[in-house]
Amino acid sequence: MTNKTIAITGATGQFGAIALDLLKAKNANVIALVRNPAKISDVEARKFDYSKTEGQVEALKGVETLILVPSNELGQRFIQHNNVIQSAKKAGVKHFVLVSFINIDKANNIRSLSPEYVETEAALKASGMAYTILRNGWYTENYTGSIPAALANNAFYGSAKNGKISSALRAELAEAAVNVALGEGHENKTYELAGSTSWTLSDLAAEISKQTGKDISYADLTAEDYAAALVQAGLDSDFAGLIAQWDVDASNGALFSEDKTLEKLLGRPTAGLDVAVKQALSAAANG
C-alpha cells in the first residue's frame, strides 16, 4: 500500500465519487478537490474550480499524484484542463493521471468531443510532468440510462445503425484509474480502455427484452429524426443534436476497440451487457 498523497478532481461527480470511495476503501491518503468542500465529510476536501486558477496551486500543495476527471463544459474543456495542468506543474505534482477519451487519434472518432482531449493530452505531455493517459471508453450507462424510455415506448431509439460499442461500466473505469494512481510503472503511458465485449443497440434492445419479458425492438432513425424525438422528450435541441451525432459516429466505429488493457488493469474481464441491463433495471425500479 502506497503512502503517497493522491488528489482527485470532481470528487462529487458520478465518476469522481466512485473513484473517491474506492480510494477510501483502500485506505489511501486522498484529497477531494471539489467546488463545495462542505459536501465531503470523511476525507480532506479542498475548494477547487477548473475555471478559476486562483487558489489552484495552493489546493494542489503536497499532492504527489493527481487524477483529473474531465470538465463537463463542452467548448471550455481544454482551457479548464490546461489550467489544472499548469497549476499542477507549479505545485510540484509528480504524477498526473488524465482521464481522456477513446479513439481520439483515429480517423473515426467522436468528432464533437475528441479535439479538446487531443489538445489536453498535448498540453500534459508538454508540461514535463510524469503522466498516465487513460482513454476511457463510453460508459455503458450512457445507453442503459435510456432503458425506462425504451420500456415506455416499446422500442429503443437511436441512430447508431449496427455500430459496435466497446463500453464499460463507469465503476470499472473508475477502478482502473484508482489502480493506476496507486500502482507503479504507469508513468508516461497512454492506455486505451475498452470493454471486454462489444455490442450494438440491437443487442441492447434484445437484452432488455430478455430481462423484462417485453418485446423491445431497436428503432434506427436518421440523426435528424432521432434528434427531433429527443427534443420531443424534453431535451435541449443542441444537446439532442449532439447525442444523435454521437450515435452516427458510433455507427462508423468511434466507440469500438478490441484493446484489452482495461482487463489487465482490473485483473478481470469487464461486465457483460446482461449485468449492465440488470443494474439499470434495478436502479429504475428503486429510483
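Presented here is a report on the structure given in the accompanying data block. Nothing here was measured: the structure is a model prediction, and the numbers come from that model.

Criteria and thresholds
- Residues numbered from 1 in each chain as written.
- Predicted model: local features only at pLDDT ≥ 70, side-chain atom pairs only at ≥ 80, totals over all residues.
- Heavy atoms only, no water.
- Salt bridge = Lys/Arg side-chain N within 4 Å of Asp/Glu carboxyl O.
- Helix = DSSP H or I, 4+ residues; strand = E, 2+ residues; numbered from the N terminus.
- Buried < 20%, exposed > 50% of the residue type's maximum accessible area, 1.4 Å probe, protein only.

Some remarks on the pattern of salt bridges
Right, on to step 1. Inspection of every chain in the model, using the stated rule, returns 10 salt bridges.
Right, on to step 2. The closest approach of N and O atoms between Arg 35 and Asp 49, which form a salt bridge, is 3.9 Å. Remark: Asp 49 occurs in the loop between β3 (44–47) and α2 (56–59) and Arg 35 occurs in the loop between β2 (29–34) and β3; sequence separation between them is 14 residues.
Right, on to step 3. Relative accessible area serves as the criterion here: at 48%, Arg 35 is assigned to the partly exposed category.
Right, on to step 4. For Arg 35, the salt bridge identified is with Glu 73, shortest N-O distance 3.3 Å. Taken together, the residues Arg 35 in the loop between β2 and β3 and Glu 73 in the loop between β4 (65–68) and α3 (77–91) connect sequence positions 38 residues apart.
Right, on to step 5. Take Glu 73: its relative accessible area is 31%, and that puts it in the partly exposed class.

Re unusual backbone geometry
Right, on to step 1. Phi is positive for Asn 27, close to 55 degrees, though the residue is something other than glycine.
Right, on to step 2. Mapped onto the secondary structure, Asn 27 falls in the loop between α1 (14–25) and β2.
Right, on to step 3. A positive phi is found at Asn 154, a non-glycine position, where the angle reads about 60 degrees.
Right, on to step 4. Looking at where Asn 154 falls in the secondary structure, it is placed in the loop between α6 (147–153) and β7 (155–158).
Right, on to step 5. Taking relative accessible area as the criterion, Asn 154 reaches 46% and is therefore assigned partly exposed.

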